2 protein chains.
Amino acid sequence: MSHISEPTVRRLSNYYRVLEEVAAEGKRMISSQLLAEREGITSAQVRKDLSAFGSFGRRGLGYHVEHLRDEIRALLGLDRRWKACIVGAGHIGSALVSYRGFADQGFDVIAVFDADQDRVGRTLEGLVVRHISQLGPKEGFEIGVIATPVRAAQEVADALVAAGVQGILNFAPRKLKVPASITLRTVDMTMEFESLSYALTHTSDSGPRRRRSAPRRRA
Amino acid sequence: MSHISEPTVRRLSNYYRVLEEVAAEGKRMISSQLLAEREGITSAQVRKDLSAFGSFGRRGLGYHVEHLRDEIRALLGLDRRWKACIVGAGHIGSALVSYRGFADQGFDVIAVFDADQDRVGRTLEGLVVRHISQLGPKEGFEIGVIATPVRAAQEVADALVAAGVQGILNFAPRKLKVPASITLRTVDMTMEFESLSYALTHTSDSGPRRRRSAPRRRA
DNA sequence: ATCCGTTCGTGAATTATTTCACTAACTGCG
DNA sequence: CGCAGTTAGTGAAATAATTCACGAACGGAT
């Protein structure tokens, strides 16, 4: 388990979800082959990923579904809960507060902040929106979620770091600067839109429209 | 421009945003070095990415900010508009309808569907939520956005394909099966949560808690 | 006009990731 | 028990992505 690559962790996440489904279907064992088919990858990839953490399967039989699921849950750190706050009570922030997936994965949202006085005082899912100036280290937030407009994102990140969070989940489409000791993950929808736009532009029947750009000479 | 890798396209997206900022700051030229610093990558990476599409810079000077921005905009297919519909008028769907980023990147949301009769008929940003059964090929949707619970996602994907969309943007945390001719991009928040959880678990002061799993012998 | 400092574009080298292909472990059957 | 069929685990090979490092092009100073 020397070093685990980011792609491996992401796939672990996928395996976990497949295993939950398969467990719900009542299957006891699953082979790397079947697991791989559900994900559209190769069985060797599955075995390689899992073997980076230990030896969870049995030759000739496959993996015990519930056992592997629990192992991965532990590996991902999903067997504990995290105290989280959300900054930004706009559309995305509101959606996140209500999002069940958060709680399901062990994130307890215990506060919501916003800079806009019009939003402060409103209630979201039983939480009163508080002014951003109240964000501090007192409440022991472990994770901060940034759901603000992009222009405020860096400032909020700094405030979260000052408040002592260990990790930040950023929904603003911008690379943020945080100390190396803080873990940052960015969910960049914009990038996905653009990646989709690129793919559509370059695979559609009309074909890629290569615009020749004349070599620029002086102004 | 033989083949462009997915990571390259994603970085292109980032460069585009940096260039918009830099243009707003009034700078005329930017070097690969400066562009790279903003993204936290190497200058060689920037040059390599861009050179896959053409020769946009000038030696000794760098890249002309507005020119490069416009080139990338065209490369990403952002110089046209796409007719999109959103399926799912819950928290995430509602947030997406209101999300300015969509319109900014050229996605015109012209319809919202939902399976829940309680939501049908409501108005979101001037659009009346319609029943999913009305989703069909008549309106010429080019892109479909899935913002439903995970259990409905595959069914909705099939319906979108039947309605003739070319691309699907999926916010449900599951791998979907679509024909090879359809482009699919998934924004998987759950995976990002879990990746964050993994990182926090394995970098925190307490260190990785390696749970030894005894080799499983027969039941 | 020549030199100097800068910076792009790019083949080569390096590093990372995935896939191959083989061995070992296991079940079940005769 | 021994054999046939299956499947995990894994070093080696192949592929992909990143970084290095150098030649060429450019503006500006002397």
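Residues numbered from 1 in each chain as written. Chains lettered and ligands numbered in written order. Predicted model: local features only at pLDDT ≥ 70, side-chain atom pairs only at ≥ 80, totals over all residues. Heavy atoms only, no water.

Asker: Give me the lowdown on the protein's contact with DNA strand C, citing residues and values where you can.
Answerer: Near DNA strand C lie 27 residues; those nearest to it are R11 of chain A together with S32, R47, S55 and Y63 of chain B. Restricting the count to atoms of DNA strand C within 4 Å of the protein gives a sugar and phosphate share of 69%. Here a phosphate oxygen of DNA strand C and a side-chain polar atom of R11 of chain A are 2.8 Å apart. Among the secondary structure elements, those contributing two or more residues to the surface near DNA strand C are helix 1 (6-24) and helix 3 (43-51) of chain A together with helix 3 (43-51), strand 2 (57-58) and strand 3 (62-64) of chain B. Examining the composition of the surface near DNA strand C, we find that four residues originate from one element, helix 3 of chain A, more than from any other. Its residues assigned to classes, the surface near DNA strand C shows five nonpolar, 11 polar and 11 charged. (Near = heavy atom within 4 Å. Polar contact = N/O pair within 3.5 Å; in protein donor to acceptor, adjacent residues only side chain to side chain. Helix = DSSP H or I, 4+ residues; strand = E, 2+ residues; numbered from the N terminus. Nonpolar A, V, L, I, M, F, W, Y, C, P; charged D, E, K, R; others polar.)

Asker: Explain the protein's contact with DNA strand D to me, using residue names and the numbers behind them.
Answerer: Around DNA strand D lies a shell of 26 residues, among which S32, R47, S55 and Y63 of chain A together with R11 of chain B are the nearest. What you see for DNA strand D is that sugar and phosphate hold 63% of its atoms within 4 Å of the protein. R59 of chain A places a side-chain nitrogen or oxygen 3.0 Å from a sugar or linking oxygen of DNA strand D. The set of elements that each furnish at least two residues to the surface near DNA strand D consists of helix 3, strand 2 (57-58) and strand 3 (62-64) of chain A together with helix 3 of chain B. Looking at which element gives the most residues to the surface near DNA strand D, the answer is helix 3 of chain B, with four residues.

Asker: I'd like a description of the side chain of H202 of chain A, backed by residues and values.
Answerer: As for its placement among the helices and strands, H202 of chain A is situated in helix 8 (residues 189-203). Judged by relative accessible area, which is 19%, H202 of chain A ranks as buried. At 2.9 Å, the side chain of H202 of chain A and the backbone oxygen of L75 of chain B are in polar contact. (Buried < 20%, exposed > 50% of the residue type's maximum accessible area, 1.4 Å probe, protein only.)

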